[in-house]
Amino acid sequence: MKITNMKNIVNIAVTILIMLSVTSCFDKKKPNYRYMPNMYTSVAVETYSEYEILPNGQAALTPVKGTISRGWMPYEYENTQEGKTLATKELKIPLAVNEENLAKGKELFNIYCAICHGNKGDGQGTLVKREKFLGIPSLADKGRNITEGDIYHVMMYGLNSMGSYASQTNEKERWQITMHALDLKSKLNGEPLWSSTQKDSMEKETTSNEAN
Ligand code: HEC
């Protein structure tokens, strides 16, 4: 009994000694052993790091002039009153007016726009009812020439206190939202749904559906 106890104590003491001797020389200020250093220190330039050889000393460079990101379509109308007037007059929905696009447009409008403009587009969104936001027009506002081009243009650049939706939505989505907004406008005016007046386009649907 006694001998085994002694043996245990010796075993434990030896183990502790070994552990101490292994760890005692370890310097916390220096990096540990690196078995494959190129896995830690990349040969290639690291994103957002500093490098003296690069312009401005940083890896984050601005894209070459004229660069277009994937999925982005250049928009040729300028963010000026003239640009808006031109877009209002000229821009036309390039997508087929069909159930799929209308349904998607409704979904997106309710996500992005309804908080201010209201689900019905009457300018009575939640933020307006809670008096957090003022001056939101009805989509049927008589003083405004709200056309397909105008709605799209306003989503691209925003308008005064309304922000731009160009980064949250892609081209196809903006046109889908525009379709729903036009339907809301006709409903507010007590007219037949705008989409129901687009029968020709509805029939063409199968060919031009995949714009994006
Ligand atoms: C934060 C609140 C807010 C949100 C969200 C918002 N809008 Fe607006 N919107 C406004 C305000 C405010 C105006 C009036 C701006 C002005 O005339 O100064 C406006 C104006 C408009 C107009 C009228 C443009 C014109 O030519 O007079 C349209 C169309 C429009 N918004 C569409 C949208 C669509 C589509 C969305 C969703 C993608 C949206 N808005 C999201 C606040 C908002």
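Residues numbered from 1 in each chain as written. Predicted model: local features only at pLDDT ≥ 70, side-chain atom pairs only at ≥ 80, totals over all residues.

Broken down by element type, the chain carries nine helices and zero strands. When the helices and strands of the chain are read in sequence order from the N terminus, they spell out α-α-α-α-α-α-α-α-α. The C-alpha atoms of the chain give a radius of gyration of 32 Å, which is well past the 17 Å a tight globule of 212 residues would have. Taken across its 212 residues, the chain has 19% of its residues classed as buried. (Helix = DSSP H or I, 4+ residues; strand = E, 2+ residues; numbered from the N terminus. Rg over C-alpha atoms; globule rule 2.2 N^0.38 Å. Buried ≥ 20, exposed ≤ 12 C-beta atoms within 10 Å, placed from the backbone.)

Attention now goes to the packing of helix H7 (residues 148-157) against helix H8 (residues 171-188). Interhelical geometry of H7 versus H8 gives an angle of 130° and a closest axis separation of 9 Å. The pairing of H7 with H8 is recorded here as oblique in orientation. The interaxial crossing formed by H7 with H8 has right-handed handedness. Of the residues in H8, those in contact with Glu148, Ile151, Tyr152 and Met155 of H7 are Arg174, Trp175, Ile177, Thr178, Ala181 and Leu182. Class assignment for the residues of the contact of H7 with H8 results in seven nonpolar, one polar and two charged. (Axes fitted to C-alpha atoms, helices over the stretch in contact; angles between N-to-C directions. Parallel < 35°, antiparallel > 145°, perpendicular 65-115°, else oblique. Left-handed = near helix turned anticlockwise from the far one by under 90°. Contact = placed C-beta atoms within 7 Å. Nonpolar A, V, L, I, M, F, W, Y, C, P; charged D, E, K, R; others polar.)

Turning our attention to the site of the ligand. Taken together, 22 residues lie near the ligand, and Cys113, Cys116, Arg144, Asn160 and Met162 sit nearest. Only helix H5 (114-117), H7 and H8 provide two or more residues apiece to the shell around the ligand. Per-element accounting of the shell around the ligand gives the leading share, four residues, to H7. Here the residues of the shell around the ligand sort into 16 nonpolar, four polar and two charged. (Near = placed C-beta within 6 Å.)

Right, let's get into the confidence of the model for the chain. Detailed reading of the predicted model is not advised wherever pLDDT is low. Residues at a pLDDT of 70 or more form 93% of the chain, whose mean pLDDT is 88. Across residues 206-212, where pLDDT falls below 50, the model places nine contacts with residues more than four positions away in sequence or in other chains. (pLDDT = per-residue confidence, 0-100.)

We now examine the environment of Ile16. Relative to the assigned elements, Ile16 resides in helix H1 (residues 2-24). As a C-alpha pair, Ile16 and Asn145 span 129 residues in sequence and 84 Å in three-dimensional space.

A word on unusual backbone geometry. Positive phi values are uncommon outside glycine, yet Asn56 reaches one of about 65°. Tracing the backbone through its elements, the reader meets Asn56 in the loop between helix H2 (37-40) and helix H3 (81-90). Positive phi values are uncommon outside glycine, yet Asn160 reaches one of about 50°. Its place among the elements puts Asn160 in the loop between H7 and H8. Assessed through the 6 C-beta atoms surrounding it within 10 Å, Asn160 is described here as exposed.

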